[in-house]
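Spelled out from the first residue to the last, the chains are:
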Amino acid sequence: APPAPPAPATTVVGTGADTLALSVSEDAYLGNAQFTVSVNGVQQGGVLTAVMANATPNIPLPAQSQVFDFKGSFAGTNLVTVTFLNDLYGGWNVGDRNLYVLGATINGTAIAGGALTEQSGGPQSFSFTEPTAPITPATTSAPATALVLNLSEDAYLGNAQFTVAVDGTQLGAAQAVTALHSAGTPQAFGFPGVLTSGTHDIAVSLVNATGSTAPGSGQHLYIDAATAGGIVAAAAPFALLSNGTHHFSVVLP
């Protein structure tokens, strides 16, 4: 038998930073299989045509991957619908037009459940959630008169949230910690211009503890270090394993 023809060049549909790639093949009969692709109900491009033969018991050719790249912004969870438009059956084993999605990727990562076999006309769907880059804890710089807290967390059903008060006055709203205590790299939170000369009471409160109080098995807050005006405070290390407040004093000249 002659060798199967090479797969055609990748078809690119739309524009955007993300790439949803579908590998498509067909059983051709009196013409090629045609289809549309929608993401979250929005059709991507126009009518598309499959041209590469799929390997089936009736058509013993190796499956060739014809790739369609759909460009866009696919943050979060998305529903992909592939609608087979022109199904045809001639009443015998090889007289049948079918469409196959051999697999799918999002930005190069394979999508579980992304293979579809469409042997009759109509839509079939799968869903995916775009992988997100890991959060890199940000370090907030602060001037010499600032209070700087190095904090980390045990995350459980969310991130640990905390408030800070100086001499009984809370500094803004609750903030979330994203640096895991187990990673060993705390996250720095700076509160500029909040300290003057003299003695101050600093209160750090965990406000959303969940799970067990055992370290590593619930949502906890760790004070790994603290400085006041560049002076190391005697505040750490300290673990808040349940909702509550840790007080410590700082003295500035």
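Before reading further, recall that the structure is shown in the block above.
Described below are features of the structure shown in this document. Computed from a prediction, not measured in an experiment: that's the story for all the values here. (Residues numbered from 1 in each chain as written. Predicted model: local features only at pLDDT ≥ 70, side-chain atom pairs only at ≥ 80, totals over all residues. Heavy atoms only, no water.)

**Some remarks on the side chain of glutamate 153**
The criterion, for reference: A run of H or I in DSSP counts as a helix once it spans at least four residues, and a run of E counts as a strand once it spans at least two, with each numbered from the N terminus. Exposed residues in this analysis have more than 50% of their type's maximum accessible area, buried residues have under 20%, and partly exposed residues fall in between, with area computed by a 1.4 Å probe over protein chains only. Note that His is not counted, nor are the chain ends; the positive residues are Lys and Arg, and the negative ones are Asp and Glu. Salt bridges are counted wherever a side-chain nitrogen of Lys or Arg sits within 4 Å of a carboxyl oxygen of Asp or Glu. A 3.5 Å cut-off defines polar contacts: any pair of N or O atoms within that distance qualifies, except that in protein one atom must be a possible hydrogen donor and the other a possible acceptor, and neighbouring residues in sequence count only when both atoms are side-chain atoms. Residues are treated as being in contact if the distance between any of their heavy atoms lies within 4.5 Å.
Mapped onto the elements of the fold, glutamate 153 is located in strand β13 (residues 147-154). Despite being buried, glutamate 153 has no salt bridge partner; lysine 71 is the closest side chain of opposite charge, sitting 33 Å away. A distance of 2.6 Å separates the side chain of glutamate 153 from the side chain of asparagine 159, its partner in a polar contact. Excluding its chain neighbours within four sequence positions, the residues that come into contact with glutamate 153 are Gly158, Asn159, Ala160, Val177, Thr178, Ala179, Leu180, His181, His220 and Tyr222.

**Remarks on the nonpolar core**
Short version of the rule: What we call a nonpolar core is a set of buried Ala, Val, Leu, Ile, Met, Phe, Trp, Tyr and Cys residues that are connected through their side-chain atoms within 4.5 Å.
Residues Leu149, Phe162, Ile202 and Phe248 are the most contacted members of the largest nonpolar core, which totals 25 residues. For this core, the elements supplying multiple residues, two or more each, are β13, β14 (161-166), β17 (187-191), β18 (198-206), β20 (218-228) and β23 (244-252). Of the residues forming this core, the biggest block, four residues, is contributed by β20. Those residues in contact with phenylalanine 162 that sit more than four places away from it in its chain are Leu151, Ala173, Ala174, Gln175, Val177, Phe189, Phe191, Val204, Ser205, Val207 and Leu221. Counting residues in hydrophobic clusters, the runner-up holds 24 residues, among them Val39, Phe70, Leu99 and Ile106.

**Comments concerning unusual backbone geometry**
Located in the positive-phi region is asparagine 107, a residue other than glycine, with phi close to 55 degrees. In this fold, asparagine 107 is placed in the loop between β9 (96-106) and β10 (109-110). A relative accessible area of 38% means that asparagine 107 is categorised as partly exposed.

**Some details on the packing of aromatic side chains**
The criterion, for reference: Note on aromatic pairs: the rings of Phe, Tyr and Trp (six-membered ring only in Trp) are paired at centre separations within 6.5 Å, and the planes decide the class, stacked below 30 degrees, edge-to-face beyond 60, tilted for the rest.
Going through the model one piece at a time under the given rule, you end up with three aromatic pairs. Summarising the aromatic geometry, the rings of phenylalanine 35 and phenylalanine 68 are spaced 5.3 Å apart at their centres and angled 85 degrees between planes, so their arrangement reads as edge-to-face. Here phenylalanine 35 is found in strand β3 (residues 34-39), whereas its partner phenylalanine 68 is found in strand β6 (residues 66-72), with 33 residues between them in sequence. We classify phenylalanine 68 as buried; its relative accessible area is 1%. Measuring from ring centre to ring centre gives 5.0 Å for phenylalanine 162 and phenylalanine 189, while their planes differ by 75 degrees; the resulting arrangement is edge-to-face. Here phenylalanine 189 lies in strand β17 and phenylalanine 162 lies in strand β14, a separation of 27 residues in the sequence. Of the two residues examined, phenylalanine 162 and phenylalanine 189, each falls in the buried class.

**Structural notes on the pairing of β6**
The condition that has to hold: Whether two strands pair comes down to DSSP finding at least two bridges between them.
Along β6, five of the seven residues are buried, which leaves the element largely enclosed by surrounding structure. Sheet topology note: the strand β1 (residues 11-13)/β6 ladder contains three bridges and is parallel. Note that in β6 the partner of valine 13 across the bridge is phenylalanine 70. Relative to β6, strand β2 (residues 18-27) is paired through seven bridges, and the arrangement is antiparallel. Bridging across to β6, leucine 22 finds its partner in phenylalanine 68.

**Some thoughts on the side chain of threonine 19**
Along the chain, threonine 19 falls in strand β2. The exposure class of threonine 19 is buried, given its relative accessible area of 16%. A distance of 2.8 Å separates the side chain of threonine 19 from the side chain of lysine 71, its partner in a polar contact. If near-sequence neighbours (up to four positions away) are discounted, threonine 19 is found in contact with Asp69, Phe70, Lys71, Thr105, Ile106 and Asn107.

**Topic: the pairing of β3**
Along β3, five of the six residues are buried, which leaves the element largely enclosed by surrounding structure. Bridging between β3 and strand β4 (residues 42-43) involves two bridges; their strand directions are antiparallel. Looking at the pairing, serine 38 lines up with glutamine 43 of β4. What sits between the antiparallel neighbours β3 and β4 is a turn of two residues, in which asparagine 40 has the positive phi angle 55 degrees.

**A look at the environment of aspartate 18**
Along the chain, aspartate 18 turns up in strand β2. Classification of aspartate 18 by relative accessible area gives buried; the value is 9%. When sequence neighbours within four positions are dropped, the list of residues in contact with aspartate 18 reads Phe70, Lys71, Gly72, Ser73, Phe74, Ala75, Ile106, Asn107 and Glu130. Only 3.1 Å separates the side chain of aspartate 18 from the side chain of asparagine 107, close enough to count as a polar contact.

**Quick notes on the environment of asparagine 150**
Among the secondary structure elements, asparagine 150 is positioned in strand β13. Using a relative accessible area of 22% as the deciding quantity, one classes asparagine 150 as partly exposed. Sequence separation of asparagine 150 and alanine 225 is 75 residues, and the distance between their C-alpha atoms is 5.0 Å. Not counting residues within four places of it along the chain, the set of residues in contact with asparagine 150 comprises Pro186, Gln187, Ala188, Tyr222, Ile223, Asp224 and Ala225.

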